[in-house]
Amino acid sequence: MENKLKENAALPGSCSKGVDPCLESLNGEAANGQSLTQTAATGKIEETIMRMLSAYRMNAFAQCLRQQLNDPAWSFQPFLRRLLTCLEAEQLARKERGAERRFKSAGLPRGTYSLKQFDFAPGRGITQPALEEIVECRWIAKREPHQRRDSRRNGKSIAITSATGCGKSFLAMVISSEAIERGFNVKYWSLGELVEKLSGAEKKSEALRKINEADLLTIDDFGLSTLTAQEQAIVYDLIRSRADNLSTIIVSQRPCKEWYEP
């Protein structure tokens with residue numbers, strides 16, 4: 001009888017007391033169910049995170065995270081490394097969007113005017129080291145994030161003067177473009193456009209305030225046409241409002257000493 005019981009216990013699938021196969025089967029089914037539950041919970045968490053990232057418009061972060069989740073190689077990276085990579089992707093995307101907005105606001109095409117395209121011919125009157133120092137934009141007063149916009153101080157200004165065809169406007173656009181890439185808000189207008197904008201404003205003080213929101217104001221074709229007394233007063237008020245605080249580039253065919261002539 002004892003031998004018979006031993007034989008029955010050894011049969012595959014036997015559920016007799018002390019038989020391992022039955023226990024292994026039950027444990028396997030339990031583990032399977034737990035695994036499915038965990039997978040479902042993970043999927044729900046992932047869905048919630050993606051929805052929250054979308055709500056906060058962190059699309060680049062979400063895209064980077066999705067790539068990590070789909071790439072098994074990322075599972076071996078430390079959590080903080082994965083988080084930093086996602087944050088860097090979001091930071092870069094926001095920087096690019098900000099630059100695009102600033103170029104659009106300035107009315108300048110991005111990538112058209114760069115330091116690499118400038119011709120440093122002797123007749124231009126500026127050396128490459130000098131221009132490289134200018135485009136670092138340390139002379140532009142920038143508002144700190146915790147400060148009011150009108151708290152900017154000690155902004156410097158630049159006058160670019162020469163005869164027609166020497167590349168004054170191109171140089172001004174290069175400097176303005178470099179300033180935009182460095183995070184500064186720039187406005188670029190001809191003097192005629194600027195005078196027309198201020199003259200036609202219902203509230204000149206409000207129009208002036210909006211113009212002075214720019215960290216850098218570039219005025220092209222300065223002194224090219226004759227202004228009325230009223231227009232001269234408008235230009236004077238604008239220049240005075242930016243003096244000693246905000247940065248301005250003035251581009252003119254006429255030397256600075258001739259600007260005060262009637």
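Not measured: the values here are computed from a predicted model. (Residues numbered from 1 in each chain as written. Predicted model: local features only at pLDDT ≥ 70, side-chain atom pairs only at ≥ 80, totals over all residues. Heavy atoms only, no water.)

Colleague: Looking at this structure, I do not really get the overall build of the protein. What am I missing?
Modeller: When helices and strands are counted, the protein shows nine helices and four strands. Starting at the N terminus and ending at the C terminus, the protein contains elements arranged as α-α-α-α-α-β-α-β-α-α-β-α-β. Each of the 262 residues in the protein was classed as buried or not, and the buried ones make up 30%. For the protein, the share of sequence-separated contacts (at least 6 apart) that also reach a separation of at least 24 residues comes to 69%. (Helix = DSSP H or I, 4+ residues; strand = E, 2+ residues; numbered from the N terminus. Buried < 20%, exposed > 50% of the residue type's maximum accessible area, 1.4 Å probe, protein only. Contact = heavy atoms within 4.5 Å.)

Colleague: Quick question: what am I supposed to make of a nonpolar patch on the surface here?
Modeller: A cluster of nonpolar side chains, Phe-79, Leu-80, Leu-83 and Leu-87, forms an exposed patch at the surface whose accessible area comes to about 420 Å². With respect to the element layout, Leu-87 can be found in helix 4 (residues 79-106). By relative accessible area, Leu-87 is classed as partly exposed at 42%. (Patch = residues over 30% accessible without salt bridge, like charges linked within 9 Å, V, L, I, M, F, W, Y side chains within 5 Å. Areas by Shrake-Rupley, 256 points an atom, 1.4 Å probe, with all protein chains shown as cover. Salt bridge = Lys/Arg side-chain N within 4 Å of Asp/Glu carboxyl O.)

Colleague: What am I meant to see in the packing of helix 4 against helix 6 (residues 168-181) here?
Modeller: For any two helices packed against each other, the geometry comes down to the angle between their axes and how far apart the axes lie. Between helix 4 and helix 6, the shortest axis-to-axis distance is 9 Å and the interhelical angle comes to 145°. With respect to the hand of their crossing, helix 4 and helix 6 are arranged in right-handed fashion. Every residue of helix 6 that contacts helix 4 at Ala-99, Arg-102, Phe-103 and Ala-106 is listed here: Ser-177, Ile-180 and Glu-181. Of the residues in the contact of helix 4 with helix 6, the class split is four nonpolar, one polar and two charged. (Axes fitted to C-alpha atoms, helices over the stretch in contact; angles between N-to-C directions. Left-handed = near helix turned anticlockwise from the far one by under 90°. Nonpolar A, V, L, I, M, F, W, Y, C, P; charged D, E, K, R; others polar.)

Colleague: Even after reading the chapter, I still don't get helix 4, so can you show me in this structure?
Modeller: Helical periodicity: at 3.6 residues per turn, an α-helix aligns residues three or four positions apart in one direction. The end-to-end C-alpha separation of helix 4 is 41 Å, in line with the 40 Å expected for 28 residues at 1.5 Å each. Packed against the buried residues of helix 4 are helix 3 (59-70), helix 6 and strand 2 (186-190). In the stretch just after helix 4, Gly-107 is the one whose phi turns positive, near 80°. (Expected span 1.5 Å × (residues − 1).)

Colleague: In this structure, what is going on with the pattern of salt bridges? I would like to understand it.
Modeller: Side chains that differ in charge, positive against negative, can pair when their charged atoms come close. A full pass over the atoms with the stated rule returns eleven salt bridges. The salt bridge partner of Arg-110 is Glu-96, with a shortest N-O separation of 3.1 Å. Here the residue Arg-110 occupies a position in the loop between helix 4 and helix 5 (128-134), and Glu-96 occupies one in helix 4, the gap between them amounting to 14 residues. Judged by relative accessible area, Arg-110 falls into the partly exposed class, the value being 26%. Between Arg-182 and Glu-178 there is a salt bridge, and its shortest N-O distance comes to 2.9 Å. A relative accessible area of 40% places Arg-182 in the partly exposed class. Overall, Glu-178 belongs to the buried group, its relative accessible area being 17%.

Colleague: Help me understand the packing of helix 7 (residues 191-199) against helix 8 (residues 204-211), please; the structure alone is not making it clear to me.
Modeller: It is the contact of helix 7 with helix 8, at a shortest axis distance of 9 Å, that shows an interaxial angle of 140°. Viewed along their axes, helix 7 and helix 8 adopt a mutual orientation that is oblique. Residues Leu-194, Lys-197, Leu-198 and Ser-199 of helix 7 touch helix 8, and the partners they reach there are Lys-204, Ala-207, Leu-208 and Ile-211. Taken together, the residues of the contact of helix 7 with helix 8 sort by class into five nonpolar, one polar and two charged. (Parallel < 35°, antiparallel > 145°, perpendicular 65-115°, else oblique.)

Colleague: It is not clear to me how the layout of surface pockets should be interpreted in this structure. Could you clarify?
Modeller: Leftover empty space is mapped by rolling, across the atoms, a probe with the size of a water molecule. If you add up the space inside the largest pocket, you get close to 770 Å³. In this structure, the largest pocket is lined by 24 residues; those nearest its centre are Phe-222, Val-235, Ile-239, Trp-259 and Tyr-260. Breaking the lining of the largest pocket down by element, the ones donating at least two residues are strand 1 (158-161), helix 9 (229-242) and strand 4 (247-252). Here the element with the most residues in the lining of the largest pocket is helix 9; it accounts for six residues. Its residues assigned to classes, the lining of the largest pocket comprises 14 nonpolar, six polar and four charged. Counted as a void, the second largest pocket has a volume near 230 Å³. Around the second largest pocket sit 14 residues that line it, and Ser-105, Lys-187, Lys-210, Glu-213 and Ala-214 are the ones nearest its centre. For the lining of the second largest pocket, the elements supplying multiple residues, two or more each, are helix 4, strand 2 and helix 8. For the lining of the second largest pocket, the class distribution of residues is five nonpolar, two polar and seven charged. (1 Å grid on protein atoms, 1.4 Å probe; cavity = no way out; pocket = protein on both sides within 12 Å on 5 of 7 lines; lining within 4 Å. Points joined across faces, edges and corners; volume = space filled by probe spheres on them.)

Remember, this is a structural readout, not a statement about activity or role.
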